[in-house]
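Geometric and topological summary
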Amino acid sequence: MSLTWLAFIAYAWIWAPGQPLESDPVFKELFTLQSKEPWLLTVFSWLGIYPAIFACLLLRKSVKTRGIRVPAWPFVLLSFGLGAFALLPYFAWSSQTRRGSGYEQLSFGNQRESGIGRVAAHKLTHVILLLLTLGTGFYAVTQGNSDVYMEAFRASSFVHIMTIDFVILTLLSVIALFRDASDNRRSHIWAIAGAIPLIGPLVYLMTSRRD
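Residues numbered from 1 in each chain as written. Predicted model: local features only at pLDDT ≥ 70, side-chain atom pairs only at ≥ 80, totals over all residues. Heavy atoms only, no water.

Some words on the overall build of the protein chain
Selection rule: Secondary structure elements follow DSSP: runs of H or I of four or more residues count as helices, runs of E of two or more count as strands, with numbering from the N terminus. Working definition: with a 1.4 Å probe on protein chains only, accessible area under 20% of the residue-type maximum means buried, over 50% means exposed, and in between means partly exposed. Note on definitions: a residue-residue contact is assigned when non-hydrogen atoms from the two residues lie within 4.5 Å. Values of accessible area rely on a 1.4 Å probe in the Shrake-Rupley scheme; residue burial ignores everything except the protein chains shown.
Of regular secondary structure, the protein chain possesses 10 helices and 2 strands. Counted from the first residue to the last, the protein chain has its helices and strands arranged as α-α-α-β-α-α-β-α-α-α-α-α. Expressed as a percentage of the 211 residues in the protein chain, the buried residues total 45%. If you take every contact in the protein chain between residues at least 6 apart in sequence, the share linking residues at least 24 apart comes to 76%. Counting only carbon and sulfur atoms, one obtains 66% of the accessible surface of the protein chain, whose full area is about 11500 Å².

Regarding the packing of helix α7 (residues 123-143) against helix α10 (residues 199-207)
How we decide: To obtain each axis, a line is fitted to C-alpha atoms, and for helices this fit is confined to the stretch in contact; angles are then taken between N-to-C directions over 0 to 180 degrees. In these notes the angle categories are as follows: under 35 degrees is roughly parallel, over 145 is roughly antiparallel, 65 to 115 is roughly perpendicular, and the rest is oblique. Each crossing gets its handedness from the near helix: less than a right angle anticlockwise from the far helix is left-handed, clockwise is right-handed. When residue character is reported, Ala, Val, Leu, Ile, Met, Phe, Trp, Tyr, Cys and Pro are called nonpolar, Asp, Glu, Lys and Arg charged, and the others, Gly included, polar.
For the pair α7 and α10, the least separation of the axes is 9 Å and the interaxial angle reads 155 degrees. With respect to α10, the axis of α7 lies roughly antiparallel. Considering only the axes of α7 and α10, their crossing is left-handed. Of the residues in α10, those touching α7 at Lys123, His126, Val127, Leu129, Leu130, Thr133 and Leu134 are Ile199, Leu202, Leu205, Met206 and Thr207. In the contact of α7 with α10, the residues fall into 8 nonpolar, 3 polar and 1 charged.

As for the packing of aromatic side chains
Note the threshold: Ring geometry is summarised as follows: Phe, Tyr and Trp rings, the Trp one being its six-membered ring, pair when their centres sit within 6.5 Å, and such pairs are stacked at plane angles under 30 degrees, edge-to-face over 60 and tilted between the two.
According to the stated counting rule, one finds 12 aromatic pairs in the structure shown. With centroids separated by 6.4 Å and ring planes inclined at 80 degrees, the aromatic side chains of Trp39 and Trp46 adopt a geometry described as edge-to-face. We classify Trp39 as partly exposed; its relative accessible area is 22%. With a centroid separation of 5.8 Å and 40 degrees between ring planes, the pair formed by Tyr50 and Phe54 is classed as tilted. One end of the pair is Tyr50 and the other is Phe54, both in helix α3 (residues 38-65) and 4 residues apart, which spans about a single turn. In this structure, Tyr50 and Phe54 share a single accessibility class: buried. Put simply, the rings of Trp39, Trp46, Tyr50, Phe54, Phe75, Tyr90, Phe91, Trp93 and Phe166 touch in pairs and so form one group of aromatic residues.

Set out below in structure tokens:
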């Protein structure tokens with residue numbers, strides 16, 4: 001996992017094709033939400049929804065266990081701007097603690113953090129995220145042009161990295177569902193749902209039960 005993180009950083013900064021951010025018109029259009037291509041806008045918006053989904057998966061657990069070995073919230077917070085760049089270190093670090101490498105548990109029980117955890121665990125949160133995902137997806141499918149997106153993927157370094165980031169977040173959601181299912185004695189088959197971008201993890205969350 002750590003090697004994947006380092007490779008992603010190196011690829012993004014050195015080898016990613018297309019124009020750099022400072023001269024990338026697609027980046028400027030997306031950052032100001034002025035892009036006219038629905039698929040570009042949709043994937044860009046999904047990169048904002050994905051961190052919220054990971055927040056629901058990783059922060060709600062702290063309410064139930066009242067203690068975790070690696071605090072998830074700093075990584076989740078950074079993921080809203082950095083995506084997989086922020087979450088890969090968390091999964092790498094937490095995988096070590098899950099194997100019992102001797103890390104001490106860190107307290108995660110104050111009122112503010114518990115409040116965030118309750119919002120993350122609430123079914124209404126999951127429903128809202130699912131509706132946003134389906135709405136933007138419908139917009140892209142009915143109004144978008146995938147050829148325009150693929151051209152931007154080749155010509156824009158931001159779209160190139162954004163797309164790879166989306167793929168890595170999808171793979172991380174498989175790991176997150178597998179871990180959560182193990183912790184909550186649910187079938188490991190649920191991990192497959194993580195391969196369905198955004199929708200799979202949200203369906204998992206909506207069907208989960210919390211004490």
